[in-house]
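# Per-entry structural report
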Amino acid sequence: MQTDIAYRLILASASPARRALLTGAGIDAEVIVSGVDESVVEADDAYTTSLALARMKARTVAANLPADPAALVLGCDSVLAFEGEVFGKPDSADEAIKRWTAMRGKSGVLHTGHHLTGLVSGLQAEAVGTTTVHFADVTDAEIEAYVASGEPLQVAGAFTLDGRGGAFVERIEGDPGNVIGLSLPLLRRLLADMNIPITSLWRR
């Protein structure tokens, strides 16, 4: 593996939760928001959608950066699969309430697409992290209060694991980081596919 290069990671996402995960893992990522129109991606399933959006975000940001052999661009996107439907961020409070009314007491599968690209090397690696989420049987009053907080409107699936919504998730099967928005074990594997140790991204 290449251990003599001080790599810099550029996160093509506005998500503070993703950046916080990286910071907690010793990686000081730069943030450049892609600004892509997510509505242009049309896919029938959450798995494909999440990966297509992650790829589009990373490639859009990479295409607008000056050449730097040490730069790596990471795009991520999360989508919830629930009873045959694909849930990104809800468009309104009413939609968030409708979703939670349907999801309570049931489970869904959260897919987070990850796409990593080397700015100069042209190397790319991508994969999807998948985690099953079991929702609590919350009351109407809890749903209304949660939606009124505004939190569900900012995130895929209308819930968080690391915020107020964490109280409404009974359990998960898989990587909790993946639900928050970025799987560190998956990132390590993608880096390894590009012959880069994750330790080379740690702050010094």
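Residues numbered from 1 in each chain as written. Predicted model: local features only at pLDDT ≥ 70, side-chain atom pairs only at ≥ 80, totals over all residues. Heavy atoms only, no water.

### Thoughts on the UniProt feature "active site" (unreviewed entry) in the protein
Here, UniProt's "active site" (unreviewed entry) annotation points to Asp77. Looking at the secondary structure, you find Asp77 in strand β3 (residues 71-82). Polar side-chain contacts of Asp77 include one of 2.7 Å to the side chain of Lys57. (UniProt positions renumbered as here; feature names shortened; annotations may be inferred. Helix = DSSP H or I, 4+ residues; strand = E, 2+ residues; numbered from the N terminus. Polar contact = N/O pair within 3.5 Å; in protein donor to acceptor, adjacent residues only side chain to side chain.)

### Side note on the pairing of strand β6 (residues 124-135)
Of the strand pairs in this sheet, strand β5 (residues 107-118) and β6 are connected by 11 bridges, and their pairing is antiparallel. Within the sheet, the bridge partner assigned to Thr112 lies in β6 and is Gly129. Where β5 folds back on β6, the antiparallel hairpin that results is connected by five residues, among which Gly122 adopts a positive phi of roughly 80 degrees. Where β6 lies against strand β7 (residues 169-173), four bridges are found, and the strand directions are antiparallel. Across the sheet, the residue bridging to Val133 is Ile172, located in β7. (Pairing = 2+ DSSP bridges.)

### Notes on the pattern of salt bridges
Where side chains of opposite charge bring their charged atoms close, a pairing between them can arise. In the structure shown here, the tally under the stated rule is nine salt bridges. Residues Arg99 and Glu95 are paired through a salt bridge, measuring 2.7 Å at the closest nitrogen-oxygen approach. On the criterion of helical spacing, the pair formed by Arg99 and Glu95 is a turn pair, its members being four residues apart in helix α3 (residues 93-103). Overall, Arg99 belongs to the buried group, its relative accessible area being 6%. (Salt bridge = Lys/Arg side-chain N within 4 Å of Asp/Glu carboxyl O. Buried < 20%, exposed > 50% of the residue type's maximum accessible area, 1.4 Å probe, protein only.)

### So, the layout of surface pockets
One water molecule sets the probe size; rolling that probe over the atoms shows where empty space is left. Considering only enclosed or pocket space, the largest pocket measures out at about 850 Å³ in volume. Forming the boundary of the largest pocket are 39 residues, of which Arg18, Lys89, Gln154, Val155 and Ala156 lie nearest the centre. Every element with two or more residues in the lining of the largest pocket is listed here: α1 (16-24), α2 (46-62), β3, β4 (85-87) and α5 (176-180). For the lining of the largest pocket, a count of residues per class yields 19 nonpolar, 12 polar and eight charged. Considering only enclosed or pocket space, the second largest pocket measures out at about 160 Å³ in volume. Every residue along the wall of the second largest pocket is listed here: Phe82, Glu83, Glu85, Val86, Phe87, Glu95, Lys98, Arg99 and Ala102. Where the lining of the second largest pocket is concerned, the elements lending two or more residues are β4 and α3. In terms of residue count, α3 provides more of the lining of the second largest pocket than any other element does, four residues in total. Here the residues of the lining of the second largest pocket sort into four nonpolar, no polar and five charged. (1 Å grid on protein atoms, 1.4 Å probe; cavity = no way out; pocket = protein on both sides within 12 Å on 5 of 7 lines; lining within 4 Å. Points joined across faces, edges and corners; volume = space filled by probe spheres on them. Nonpolar A, V, L, I, M, F, W, Y, C, P; charged D, E, K, R; others polar.)

### A few points about α1
Because an α-helix completes one turn every 3.6 residues, residues spaced three or four positions apart along the sequence face the same direction. Arg18, Leu21 and Leu22 are the residues of α1 that are buried. Along the long axis of α1, the arc covered by the buried residues comes to 95 degrees, so they all point the same way. Of the exposed residues in α1, those oriented more than 90 degrees away from the buried face are Pro16 and Gly24. Those residues of α1 hidden inside the fold are in contact with β1 (8-11), β3, α5 and α6 (184-193). Two residues or fewer after α1 comes Gly26, characterised by a positive phi angle close to 85 degrees. (Arc of directions from axis to C-beta. Contact = heavy atoms within 4.5 Å.)

### A few points about the environment of Asp94
Inspection of the secondary structure puts Asp94 in helix α3. You can call Asp94 exposed: its relative accessible area is 62%. Separated by 50 residues in the primary sequence, Asp94 and Glu144 place their C-alpha atoms 9.6 Å from one another.

### Quick word on the packing of α3 against helix α4 (residues 140-148)
Running from N to C, α3 and α4 point in directions that differ by 145 degrees, and their axes come no closer than 10 Å. Of the two possible hands of crossing, α3 and α4 adopt the one that is right-handed. Of α4, the residues touching α3 (which contributes Ala93, Ala96, Ile97, Trp100 and Thr101) are Ile143, Tyr146 and Val147. Its residues assigned to classes, the contact of α3 with α4 comprises seven nonpolar, one polar and no charged. (Axes fitted to C-alpha atoms, helices over the stretch in contact; angles between N-to-C directions. Left-handed = near helix turned anticlockwise from the far one by under 90°.)

### Some thoughts on the pairing of β1
Pairing of β1 with β3, which is carried by four bridges, proceeds in the parallel orientation. Across the sheet, residue Leu9 finds its bridge partner in β3, namely Leu72. Sheet topology places β1 next to strand β2 (residues 30-31); two bridges connect them, and they run parallel. By the bridge assignment, Leu11 is partnered in β2 with Val31. Remark: the β1/α1/β2 crossover connection has right-handed handedness. (Right-handed = clockwise from strand over helix to strand, strands pointing away.)

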